[in-house]
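Tertiary structure, described
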Amino acid sequence: MDPTRVLIVCHNHPAIRPGGAEAYAFELHKAFMRSADFEPVFLARSAVDGAFLSPHERHLIDPHTDPTQVLFPTSPRSFDHFLGQARRRGLTAARFAKILNEERPDVVHFQHTQWLGYDFVRVARQTLPNAAIVYTLQEFLPICHHNGQMVRTLEEFELCEEESPLRCHECFPQFTPEQFLLRKRLIQSHLAHADLFITPSEFLRDRYAAWGLPPDKIVVEDYGRLPVQPLPEARRAGARTRIGFFGQITAYKGVDILLEAMVHLSERKSPATLRVHGANLEIQWPAFQARIHELLDATRANVTNVGRYSHEQLPALMSQVDWVVVPSIWWENSPLVIQEAFSHGRPVICSDIGGMAEKVEDGVTGLHFRASDPKALADVIETAVGDPSLWAELRSHISPAYPMDEHVARISELYREVLARRAVVAP
Amino acid sequence: MSSLVSAADVATLAAVDLGDSVVAAAFSGAGLEGCSNVTLKSDGRELETRWRLVGDSLVLATARRVGPAERLGETLITFADGTALTAPLADVDSEPADLLRALLELPPDSRRAALHFLAWGAPRHSDAAFDAAMASARTVLRDHLQLSLGKRGERRSAVLNSVVACGGGAFYLRGWIRDEAGKPTSVKAVTPHGGTVDLLGEAAWEDRPVVAAYFGDGHGSAEVRGFCCLVHLPADPTRGEWLIELHDAEGATESVPLEPTHDLEAARESILQSLVGSPTPAVAEMAVAAIERVQTAAARPRGERIHGFGKRPTNAAVSLVVAAGSDPSVVEHHLAAYGSDPELRAVELAFVVTSTAAETLLPDAPGLHEIYGIPFCVIVPPEESAASFAAAANAGIRASGGRVVVLAPGDMIPAASGWLGRLIETHDAHPEAAIVGGTVVRADGTVASAGVSFAREGNSAVALPNDAGSPRRTLFPAPHPVDAVSGYVLASAATLAAVVGLSGSCIDDRAELFAVCLRLTASGKQCWCAPAAEFYDFRAHTTPVGIGEAGERYDALVLGRLVPETSKRALPAKVKPGPAPSKFTLLSKHLREPSETEAVGGHGMTVVGHALAAGRPVDAVVVRYDGVELARTSCDATTPRVADAHPEVEHAGRSGFVLPFSLLGLPEQFEIQIEAEMESGEVLPIGTRRGTRTTLQTDYDPHLRPLFVTTLGRTGSSWLMLLLAQHPELVAYLPFRLEPRVASYWLAVTRALAEPRSYLQAIDPELWAGPWWLGNNRMRRNVAMKGERHIADWLGGRNIEAIASFAQRQIDSFYTEVENSKGKTTARFFVEKRFPDAINDRLAREIYGNAKEIFLVRDLRDVACSSLSFGAKRGAASFGRELVESDEEYFDVLRSYALALRNAWRERQEGSLLLRYEDLIESPESEMARVFTYLGIEAGDVATSEVIAAAKLAEREGQEGHRTAASPAASVGRWRHDLSDDLKRAARDALADLLDEFGYPST
């Protein structure tokens, strides 16, 4: 049987702009490369042409020599962020159609269409009527103009339970409800050409079904992870008091909530200590940066700001903490950091909402706290570090991360099902 | 040269206040041609001045004072050689006419330059407010400082404001004449070919008060008369000037010649000037006829350009024509909507756009075709048709080859696939259906059909308040005939091209479609609605500004001629003059509490959020239910995050609100509107919230049940109360002498004390003077009761139930006292009259689950007669008549009262009794027996007769003060002889549907 030709489409290349979705997409591509069943091509949108890559970037990706990777330059300035498509209609789409005609994939698997356009899905269908089109939904961008966070723009970081033209207009008064209605209709019209949607969590699936995607076209399939080798667990007696944060330091990730909890814990003379591993604080709003620095100053006694880290450093860094906290104040979908924590046998303390609450079973593989509530988080951490047996109990229930091999097998099965259906539908 | 000029050589001709503190001054004197700068001064302070030298001896200057009270002092005139002089400047108390007289001195060229400076071409001033003030001054000047004012000493003027070519040899002339010599003997329009039109005989004439005011001072009692005239010429001169000749017994004059305007859109705007304000019927008729010519000309130009993209379907049965107008961005939304619909695959698709829009669309069109895979064409009508919907539709129809044509407005898209099949099926299944439309869905979820707006209720729908006069209507899921259709409409090509076509007589596209439907109906055909074909309306996005008041008036006049008299009330809301566009918008708004999904359990609710308007702070935040204000508060709570987000808005840091309010009197399930109110009175929506409230339970078991008589004034309610009071099982207090409202009073007290601002005064008082315990002047919006949940719950829950129990006890005690004083021992009900008050009445029903209610109605025209007679008898208007200036307008007041009664009846008719005054007068025995039977009390013949006899006896004591007719029988149908024909017409216009609903004939 001929190998399945798959074109993976992603909005960034992880070598150029690291991110969870990008990392997963590229790992999937590499996993396909290792399989005889696939002939993958990884198309990554880039702000620059391949000729402008740095030596480091070119080490990871060289579009001139690696035929399995394609850089697809588009300019953010010519992108209509509201409608999620190129401003000048047709030109970008024609370039994509040209690649499709050259590669002739059996499957076009969109991992993200930011900076490219939702209309790429339609172009794929127009160009390759028989191809299977699969779209992995990473967050809520098609639903929510607020960076896909489903967090309202107003006074507080209020979680948004549902979209509607009027509610979206409340968040963005510069756009009328009618414009939001048109936006939704336009995006849905493009996505309607996908054969299958994959969501990494039940929560995400439910949200998209409520938004209007056909439930029978949505499959929940978590991210697969390449195997990792945790460092041997050092024998430690007594309480497990070391807390760790891994991720970007943005307002949505809730680092400020965690630091405020540490202030409470310090006041309570708790033995808990925190190590913050994260980057990108310097590109956040000045007020947020100031708030984080203020909190770091106030928690110098029990918080260490480790800073940026690489994927390769993760085993060592994970071995230095007992618990991983995921305090995000937005819904999240299926945070990779949870899988990483589990891969290293670390129970997770997380917000009790969305994909986090789904992936971490409260009292089984971790602990939940009321989202956005520093005091509630402090209470939970106090419970966690105060009970020496709890850590081992929770750790004992942690399953290994979902192996990439199994994930690839499942994806392969889904591709086959869609291709079979298309063979019936399209002559 | 200038050094030779002295102040004595310069005369101040005029210094005129043009309004809004804008002043204009004129100076003359030999040697002024060397002037290099002019500065008006005020109290020694130099004002920013614009000036111009006209000819060699006149200087004009304009400036803006700080305020009208500021007095101008002098003017500094500087010359090129460095010398300067100070010219005296008279106080600004001259009239504009003084300035005009000064200008009349000038030779024509100089006068033209002077007027140009004053009215048109002054360079932009650095003071924006000055520019705004000059703009308003210019509006006046343009109209009245015509170049043909005549020469000084002449006693007559003829002015041609505008000449507009309407197409097909028709011209619309507008201007005015003024003649001190008396009545003109002849006023003629002279055509470019030298022909004449007798304007005295042909034109429509009107007053021009503004012009008259300008010339009134110092010019005797000359009459200024404006005219407009639609002139038809056998030949169509595209070039050449028109002028007006005026002759009187003493002489003649003529206007400055004027070239016609040929641009159709500019022509329409020019003619619409005649419909601004309150045009006379003759002027309105003339203007409407002229605009119709323009519209028709704009609708039927030929020579459109057609650009094809993709292979056009061969032998397409259906042509879909989208009038995209001037917004090219809508094209992609249409393509997205059609791309997934299999029914659209074989449809011939055309977008009609203006040439300006085409410049944007055409470069993208090939790409759009590639992306969507749909062949389509772009049709660009000739320039002169501008954005006319009819022109677009007609151009599309001409280019179409389908058996049937679907006309689609650019600002609507189908809600789902399958719409085309439904329209075609309806069209083909019903040969009488000449045109078929669907249902229009707006972003707020309301729907429109046949021009009427509805709120959905499952498969049925309720007419919205702007059409509150219409009876409850149902949208049928099955196709059915309707008065008119809107949105996407389908008709056979033959019907559209040969039978109807789009005349373009209306300006608004909805109105134009309505006109098509009316013409079809007039020719015996039918319009059908296929309700399952739904279309989203996003007009608010594409056309935030409407067609203007004059445009709406024009459309209404055109449609008014087409609408049969019997269905004029069904005119689509869009063509009625609507509210002026809001001057304010909310930059940011948010309702933090309650959340949209919150179900309210208690008797109160608190809304928390912010509302930030551009330019001015929001004056108040108001909560309404069904249009009734429930509570209001200021909008100035601190909002630091809003301030961070809007650093450009000074008041952003204080744009929050916290508004706790009582829910008593609302239905169990309710939806409230939260609105921002500006100081100007403008209202901007913030949001809506739905909730479910707990029913108010009291622990008091009343001895007497209430019987409420809900009615309006002058309906015979005093007589009914007197009748009821005679029954041994009913108690009423002095029904003829007083109109007690004991129950209403205590219910109002309950509501007042149930307001959070009131009961919070008990625990967190603000002891201002007066009835501080009501909390009406309370400053603190809320009380921090963290950790005191139990007390907070009690205050908002049991506390209020106890107050309501107390109120019931007080009502019961009072009427028990009355019962005892009357020696009644078997009373079961107390009886009270009341006017409809939705909130209070609902609360009464809630706490008195066993209440009875009689709705007493009377022919509203007789109510009006009785009210007017009562006022005349008392020497003071009352019953709402005092609110308006004329008897005609009183019917509108009466309508608003009757609507409240009608709505109350609709809401509570189950378990209530409807009683007509006329029946009570004609058959008192049977009607009272019906009442008593309804109440479950003694209703036998004897008891009823005794009640009526006792009432008649008691009547003699006090009825004279009430009565306005010779006898009760004479009071029935009195309107037929009391009302003039005009008042009868006004009554029919205002009340027909309500009369119908209460069972009265409208004629």
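Refer to the structure above for everything that follows.
Below, the structure is looked at part by part. All values reported here derive from a predicted model rather than from experimental measurement.

All names here are of chain B. Spatially, β30-β31-β34 is the arrangement adopted by the three strands of the open sheet, whose pairing is antiparallel. The strands lining the two open edges of the sheet, one partner per strand, are β30 (586-593) and β34 (656-662). The sheet shows a mean angle of 25° between the axes of neighbouring strands, direction not considered.

Looking at where H333 of chain B falls in the secondary structure, it is placed in helix α8 (residues 330-339). For H333 of chain B, the contacting residues outside a window of four places in its chain are L83, L182 and L186 of chain A together with I413 of chain B.

This part takes up the pairing of strand β33 (residues 628-633) of chain B. Across five bridges, the pairing between strand β32 (residues 620-625) of chain B and β33 of chain B is antiparallel. Bridging from a neighbouring strand, R624 of chain B pairs with E629 of chain B of β33 of chain B.

Right, let's get into unusual backbone geometry. Glycine aside, negative phi is the norm for most residues, and most peptide bonds take the trans geometry. All names here are of chain A. In this model, K269 sits at a positive phi of 60°, which is unusual for a non-glycine residue. Position of K269 among the secondary structure elements: in the loop between α8 (255-267) and β11 (273-277). Of note, the phi angle at S372 is positive, near 70°, even though the residue is not glycine. If you trace the backbone, S372 turns up in the loop between β15 (366-369) and α13 (374-386). According to the relative accessible area criterion, S372 is partly exposed, its value standing at 35%.

Residue and element names in this part refer to chain B. Taken together, four strands build an open sheet; the order of strands is β12-β11-β15-β16 and the sheet is antiparallel. In this open sheet, the two edge strands, each paired with only one partner strand, are β12 (196-198) and β16 (252-254). Recorded for the sheet is a direction-independent mean angle of 20° between the axes of neighbouring strands. Across five bridges, the pairing between strand β11 (residues 186-190) and strand β15 (residues 243-247) is antiparallel. Its bridge partner being in β15, S186 is matched across the sheet by H247.

Here the focus is empty space enclosed by the protein. All names here are of chain A. One pass over the structure, following the stated rule, counts seven cavities of 30 Å³ or more. What the largest cavity holds in volume is close to 110 Å³. The element that contributes the greatest number of residues to the lining of the largest cavity is helix α5 (residues 165-171), accounting for three residues. Tallied by class, the residues present in the lining of the largest cavity amount to nine nonpolar, two polar and three charged.

Our next topic: the nonpolar core. Among the nonpolar cores identified, the biggest contains 119 residues, and F96, F110 and F140 of chain A together with L320, Y338 and W419 of chain B are the most heavily contacted of them. In terms of residue count, the dominant contributor to this core is helix α9 (residues 355-372) of chain B (eight residues). Contacts of F110 of chain A, omitting those with residues within four sequence positions, involve V9, F96, F120, V121, A124, I133, V134, Y135 and T136 of chain A. Counting 59 residues, the second largest nonpolar core, distinct from the first, contains A204, A298, I379 and A392 of chain B.

Counted by the stated rule, this structure contains 51 salt bridges over all chains. Where E202 of chain A meets R205 of chain A, a salt bridge forms, and the shortest distance between an N and an O atom there is 2.6 Å. With E202 of chain A and R205 of chain A both in helix α7 (residues 202-211), this residue pair falls three residues apart, about one helical turn. Assessed through its relative accessible area of 35%, E202 of chain A is described here as partly exposed. Residue class for R205 of chain A comes out partly exposed when judged on its relative accessible area of 27%. Between E927 of chain B and R930 of chain B there is a salt bridge whose closest N-O contact spans 2.9 Å. Remark: R930 of chain B and E927 of chain B occur in helix α26 (residues 924-935); sequence separation between them is three residues, near one turn of the helix.

What follows deals with the interface of chain A and chain B. On the side of chain B, 39 residues touch chain A, which itself brings 33 residues to the contact. Interface area for chain A against chain B, summed over the two sides, is near 3100 Å², with a carbon-plus-sulfur share of 57%. At the junction of chain A and chain B, the tally comes to two salt bridges. Measuring nitrogen to oxygen at the nearest pair gives 2.9 Å for the salt bridge that ties R88 of chain A to D364 of chain B.

All names here are of chain A. Those residues of α7 that fall on the buried side of the exposure criterion are F203, L204, R207, Y208 and W211. Down the axis of α7, the sector holding all buried residues measures 130°, keeping them to one side. Looking at the packing, one finds that the buried side of α7 touches α6 (177-191), β8 (196-199), β9 (218-220) and α12 (354-359). A positive phi of about 135° marks G212, the residue just after α7.

Rules of the game
Residues numbered from 1 in each chain as written. Chains lettered and ligands numbered in written order. Predicted model: local features only at pLDDT ≥ 70, side-chain atom pairs only at ≥ 80, totals over all residues. Heavy atoms only, no water. Pairing = 2+ DSSP bridges. Helix = DSSP H or I, 4+ residues; strand = E, 2+ residues; numbered from the N terminus. Axes fitted to C-alpha atoms, helices over the stretch in contact; angles between N-to-C directions. Contact = heavy atoms within 4.5 Å. Buried < 20%, exposed > 50% of the residue type's maximum accessible area, 1.4 Å probe, protein only. 1 Å grid on protein atoms, 1.4 Å probe; cavity = no way out; pocket = protein on both sides within 12 Å on 5 of 7 lines; lining within 4 Å. Points joined across faces, edges and corners; volume = space filled by probe spheres on them. Nonpolar A, V, L, I, M, F, W, Y, C, P; charged D, E, K, R; others polar. Core = buried A, V, L, I, M, F, W, Y, C linked by side-chain atoms within 4.5 Å. Salt bridge = Lys/Arg side-chain N within 4 Å of Asp/Glu carboxyl O. Buried area = accessible area lost by both parts, 1.4 Å probe. Arc of directions from axis to C-beta.

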